[in-house]
Amino acid sequence: MKNFGPKPMLFPMPVLILATYDKDGKANAMNAAWGGIVEADQICISLSKHLTTANIDLNKAFTVSIADADHVVACDYVGIVSGNKESSKMEKAGFTTRKSEFVNAPVINELPLCLECELLRIDGDASKDEMHYIGRIVNVCADEKILDAEGNVDVAKLRPICYEPGCHGYYELGRKVGQAFSDGKKLI
């Protein structure tokens, strides 16, 4: 076995697109890879200072869209360009938005799965610029095009991407290989 030391090597690492409104009601988005579900109705995202964090502090709300294979370029773009420096960031990414029905944050129309969140708290060490934003998921909205016949999200239709931190690659999640809470019963 090869030892890598302490590295953020957890797979898959979702590519999360956070969207917020600024003080003037203008939508902004950023790409965040260090986040995940921490309770049935909570998400935690590790962030340093950004326009997005200032907007979350202001509005106490944000949305988290799941980046997909159809929008890799746009999702990467909002992660490498600051809304503080590029006023037409969303337009250049090709993203349009609508206001969430549940929180004071934008929903990105082009990304088919979105978690609408209200800020619960911020944990971490501000002096080290290492903050964990914990949000309560108040709604999940999904485009009909990614739903199966029973009305559930179909991951194959969503085509989410994940981030690989070693070589900085994006990968589309693959095919279903088993059934949770079922396949293991073969060993009971």
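Residues numbered from 1 in each chain as written. Predicted model: local features only at pLDDT ≥ 70, side-chain atom pairs only at ≥ 80, totals over all residues. Heavy atoms only, no water.

## A word on the overall build of the chain
Phase 1 of the analysis: In terms of helices and strands, the chain carries 4 helices and 12 strands.
Phase 2 of the analysis: Rg of the C-alpha trace for the chain: 17 Å, near the compact-globule value of 16 Å for 188 residues, within the 12% margin.
Phase 3 of the analysis: If you line up the chain on its principal axes, its C-alpha atoms span 55 × 45 × 30 Å.
Phase 4 of the analysis: Relative to its full complement of 188 residues, the chain shows a buried share of 39%.
Phase 5 of the analysis: Within the chain, counting contacts between residues at least 6 apart in sequence, those at least 24 apart form 57% of the total.
Phase 6 of the analysis: Positive and negative charge centroids in the chain, built from 21 and 26 side chains respectively, lie 4 Å apart. (Helix = DSSP H or I, 4+ residues; strand = E, 2+ residues; numbered from the N terminus. Rg over C-alpha atoms; globule rule 2.2 N^0.38 Å. Buried < 20%, exposed > 50% of the residue type's maximum accessible area, 1.4 Å probe, protein only. Contact = heavy atoms within 4.5 Å. Lys, Arg positive; Asp, Glu negative; His and termini not counted. Charge placed at Lys NZ, Arg CZ, Asp CG, Glu CD.)

## Some points on the environment of K23
Phase 1 of the analysis: With respect to the helices, strands and loops of the structure, K23 is situated in the loop between β2 (16-21) and β3 (27-32).
Phase 2 of the analysis: A relative accessible area of 68% places K23 in the exposed class.
Phase 3 of the analysis: At a separation of 3.4 Å, a polar atom in the side chain of K23 contacts the side chain of D24. (Polar contact = N/O pair within 3.5 Å; in protein donor to acceptor, adjacent residues only side chain to side chain.)

## A few points about helix α1 (residues 51-59)
Phase 1 of the analysis: Taken together, the buried positions of α1 are T52, T53, N55, I56 and N59. The arc that holds the buried residues of α1, viewed along the axis, is 160°, so those residues lie on one side.
Phase 2 of the analysis: At its buried positions, α1 is contacted by β2, β3, β5 (42-47), β6 (61-66), β9 (113-125) and β10 (130-142).
Phase 3 of the analysis: K60, located one to two residues past α1, shows a positive phi value of around 55°. (Arc of directions from axis to C-beta.)

## A look at the pattern of salt bridges
Phase 1 of the analysis: Tallied over the full model, the rule gives 6 salt bridges.
Phase 2 of the analysis: The salt bridge partner of D24 is K23, with a shortest N-O separation of 3.4 Å. The same class applies to D24 as to K23, namely exposed.
Phase 3 of the analysis: Taking the shortest distance from any N to any O, the salt bridge between E86 and K92 comes out at 3.2 Å.
Phase 4 of the analysis: Given the relative accessible area of 19%, E86 is considered buried.
Phase 5 of the analysis: For K92, a relative accessible area of 56% puts it in the exposed group. (Salt bridge = Lys/Arg side-chain N within 4 Å of Asp/Glu carboxyl O.)

## So, the packing of aromatic side chains
Phase 1 of the analysis: Following the criterion strictly, the structure yields 1 aromatic pair and no others.
Phase 2 of the analysis: Ring plane angle 55° and centroid distance 6.2 Å describe the contact between Y163 and Y170, whose orientation is recorded as tilted.
Phase 3 of the analysis: Y170 gets classed as partly exposed once you look at its relative accessible area, which sits at 27%. (Phe/Tyr/Trp six-rings, centres within 6.5 Å; stacked < 30°, edge-to-face > 60°.)

## Considerations on the sheet that holds β10
Phase 1 of the analysis: With antiparallel pairing, 7 strands are arranged side by side in an open sheet as β3-β2-β6-β9-β10-β5-β4. The two strands at the open ends of the sheet, each matched to only one other strand, are β3 and β4 (35-39). With direction set aside, neighbouring strand axes in the sheet form an average angle of 35°.
Phase 2 of the analysis: Sheet analysis places β2 next to β6, joined by 4 bridges and oriented antiparallel. Pairing of L16 across the sheet is with I66, part of β6. (Pairing = 2+ DSSP bridges. Axes fitted to C-alpha atoms, helices over the stretch in contact; angles between N-to-C directions.)

## Some details on the nonpolar core
Phase 1 of the analysis: With 21 residues, the main nonpolar core has L18, I43, I45, L47, F62 and V64 as its most contacted residues.
Phase 2 of the analysis: Listed by contribution, the elements that provide at least two residues to this core are β2, β3, β5, β6, β9 and β10.
Phase 3 of the analysis: Residue contributions to this core peak at 4 residues, all from β9.
Phase 4 of the analysis: Not counting chain neighbours up to four residues away, the residues in contact with V64 comprise L16, I17, L18, I43, I45, L113, C114, L115 and C117.
Phase 5 of the analysis: Residues M13, V15, A27 and A74 belong to the second largest nonpolar core, which totals 20 residues. (Core = buried A, V, L, I, M, F, W, Y, C linked by side-chain atoms within 4.5 Å.)

In short, geometric facts, not functional conclusions.
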